[in-house]
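Chain by chain, the residues run as shown.
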Amino acid sequence: EPEVTQTPSHQVTQMGQEVILRCVPISNHLYFYWYRQILGQKVEFLVSFYNNEISEKSEIFDDQFSVERPDGSNFTLKIRSTKLEDSAMYFCASTPGQPWDEQFFGPGTRLTVL
Amino acid sequence: AQKVTQAQTEISVVEKEDVTLDCVYETRDTTYYLFWYKQPPSGELVFLIRRNSFDEQNEISGRYSWNFQKSTSSFNFTITASQVVDSAVYFCALSGGQTGANNLFFGTGTRLTVIP
């Protein structure tokens, strides 16, 4: 069964460094999302992406964040200058055709900022 | 504004007991979608069910059942004859029915522990 994959599973970085989190959505899916979950808290929406551009973004998704779909398969989240409070699990998700379809989530990348 | 409230932070039950997880939502959309996701200790998010706002039929899938009541803005989830493998955090989520991408608004989750 097709699945969303994410790499790396765990990333440790120093405060102020740039990180890129990678996701490979399910092929032929059209809508892509990033969410984050600070340890022990709820899952929060960051950004959605469709047709090679951002559809929606939350107030969390400030200028330090950017997303890209550099080729036909990868979907990346970049954090330019990480802060301690960026430490969280980051989930990528995709949906097939309609935005209200089930969102298929990847296994997540745990980001630890020291 | 969209909001999902899961008032039960943690629930513990003994194996084989039934348990109901509550979810109350707020939205101004006339068309919206409700979801339940399971997050086991391994951390992934597992889709359980999606309901649209026009379908108030209750649903049963094996030991799982869902009760959607628009009148009380609730979408509760019941596990019958709970098992240890049901131990997880369960999230209720809401998305709007507008055109364009629909991000999910999650509740704070209910941690269910099933004691053998």
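Per-chain numbering applies: the sequence of each chain, read as written, is numbered from 1 onward. Chains carry letters and ligands carry numbers; both start at the beginning, A for chains and 1 for ligands, and go up in the order they are written. The model is predicted, so local features are restricted to residues of pLDDT at least 70 and side-chain atom pairs to those at 80 or more, both for listing and for counting; the totals for chains, interfaces and linings are taken over all residues. Side-chain numbers come from the whole structure's heavy atoms, not from hydrogens or water.

## A closer look at the overall build of chain A
In step 1: In terms of helices and strands, chain A carries zero helices and 11 strands.
In step 2: Seen in sequence order, chain A has helices and strands lined up from the N terminus as β-β-β-β-β-β-β-β-β-β-β.
In step 3: Over its C-alpha atoms chain A spans a radius of gyration of 13 Å, differing by no more than 12% from the 13 Å that the globule rule assigns to 114 residues.
In step 4: If you line up chain A on its principal axes, its C-alpha atoms span 40 × 30 × 25 Å.
In step 5: Exposure is judged per residue with a 1.4 Å probe applied to protein chains only, and the accessible area is read against the type maximum: over 50% gives exposed, under 20% gives buried, and values in between give partly exposed. Expressed as a percentage of the 114 residues in chain A, the buried residues total 44%.
In step 6: Contact between two residues is taken to exist if any of their heavy atoms lie within 4.5 Å; hydrogens are not considered. Contacts in chain A between residues at least 24 apart in sequence constitute 54% of all its contacts with a sequence separation of at least 6.
In step 7: Working note: accessible area of chain A is about 5700 Å², and carbon and sulfur atoms make up 46% of it.
In step 8: Only four residue types enter the tally: Lys and Arg on the positive side, Asp and Glu on the negative side, with His and both chain ends excluded. Charged groups are reduced to one reference atom each: NZ for lysine, CZ for arginine, CG for aspartic acid, CD for glutamic acid. Once the 9 positive and 15 negative side-chain charges of chain A are each reduced to a mean point, those two points are 6 Å apart. Under the DSSP-based scheme used, a helix requires at least four consecutive residues in state H or I and a strand at least two consecutive residues in state E, with every element numbered from the N terminus. To get the radius of gyration, use the C-alpha atoms; to get the globule rule, take the number of residues to the power 0.38 and multiply by 2.2 Å. Here the accessible surface of atoms and residues is derived via Shrake-Rupley with a 1.4 Å probe, and residues count as covered only by protein chains that are part of the display.

## As for the packing of aromatic side chains
Residues and elements named next belong to chain B.
In step 1: Only Phe, Tyr and Trp rings take part, Trp by its six-membered ring, and two of them pair if their centres are within 6.5 Å. Stacked means planes under 30 degrees apart, edge-to-face means over 60, and tilted covers everything else. Inspection of the entire model under this criterion finds 25 aromatic pairs over all chains.
In step 2: Both rings, one in Tyr25 and one in Phe68, keep their centres 6.3 Å apart while their planes meet at 50°; by these two values the pair is tilted. Remark: Phe68 occurs in strand β8 (residues 64-69) and Tyr25 occurs in strand β4 (residues 24-26); sequence separation between them is 43 residues.
In step 3: Looking at Phe68, the relative accessible area reads 2%, which means it is buried.
In step 4: A centroid spacing of 6.5 Å and a plane angle of 65° characterise the contact between Phe35 and Phe47, whose relative ring orientation is edge-to-face. Residue Phe35 is found in strand β5 (residues 32-39), and its partner Phe47 is found in strand β6 (residues 46-52); the two are separated by 12 residues along the sequence.
In step 5: Phe35 gets classed as buried once you look at its relative accessible area, which sits at 1%.

## A few points about the interface of chain B and chain A
In step 1: The partner chain A presents 19 residues to the 19 residues of chain B that form the contact.
In step 2: Together chain B and chain A conceal approximately 1700 Å² of surface at their shared face, both sides included; 59% is due to carbon and sulfur atoms.
In step 3: By salt bridge we mean one thing: a side-chain nitrogen of Lys or Arg within 4 Å of a carboxyl oxygen of Asp or Glu. For the pair chain B and chain A, the interface holds one salt bridge.
In step 4: Residues Asp101(A) and Arg50(B) are paired through a salt bridge, measuring 3.4 Å at the closest nitrogen-oxygen approach. Once two parts are put together, the accessible area they lose, assessed with a 1.4 Å probe and summed over both, is termed the buried area.

## Notes on the state of the cysteines
In step 1: Cysteine sulfur pairs qualify as disulfides if the two atoms are within 2.5 Å. This model, assessed by the stated rule, comprises two disulfides over all chains.
In step 2: Disulfide pairing is shown between Cys23(A) and Cys92(A); the S-S distance is 1.9 Å. Disulfide Cys23(A)-Cys92(A): torsion about the S-S bond near -65°, hence left-handed. One end of the pair, Cys23(A), is in strand β3 (residues 19-24); the other, Cys92(A), is in strand β9 (residues 88-95), with 69 residues separating them in the sequence.
In step 3: Owing to a relative accessible area of 0%, Cys92(A) belongs among the buried residues under this scheme.
In step 4: Here Cys23(B) is linked by a disulfide to Cys92(B), with a sulfur-sulfur distance of 2.0 Å. Disulfide Cys23(B) to Cys92(B): torsion about the S-S bond roughly -65°, handedness left-handed. Of the two residues, Cys23(B) is situated in the loop between β3 (19-21) and β4 and Cys92(B) in strand β10 (residues 88-96); the sequence distance between them amounts to 69 residues. The same class applies to Cys23(B) as to Cys92(B), namely buried.

## Brief notes about the pattern of salt bridges
Residues and elements named next belong to chain B.
In step 1: Tallied over the entire structure, the rule returns five salt bridges over all chains.
In step 2: With a shortest N-O distance of 2.7 Å, Arg51 and Glu59 are connected by a salt bridge.
In step 3: We note a salt bridge from Arg63 to Asp86, for which the minimum N-O separation is 2.8 Å. Pair noted here: Arg63 is in the loop between β7 (59-61) and β8 and Asp86 is in the loop between β9 (74-79) and β10, with a separation of 23 residues, a long-range link.
In step 4: Take Asp86: its relative accessible area is 1%, and that puts it in the buried class.

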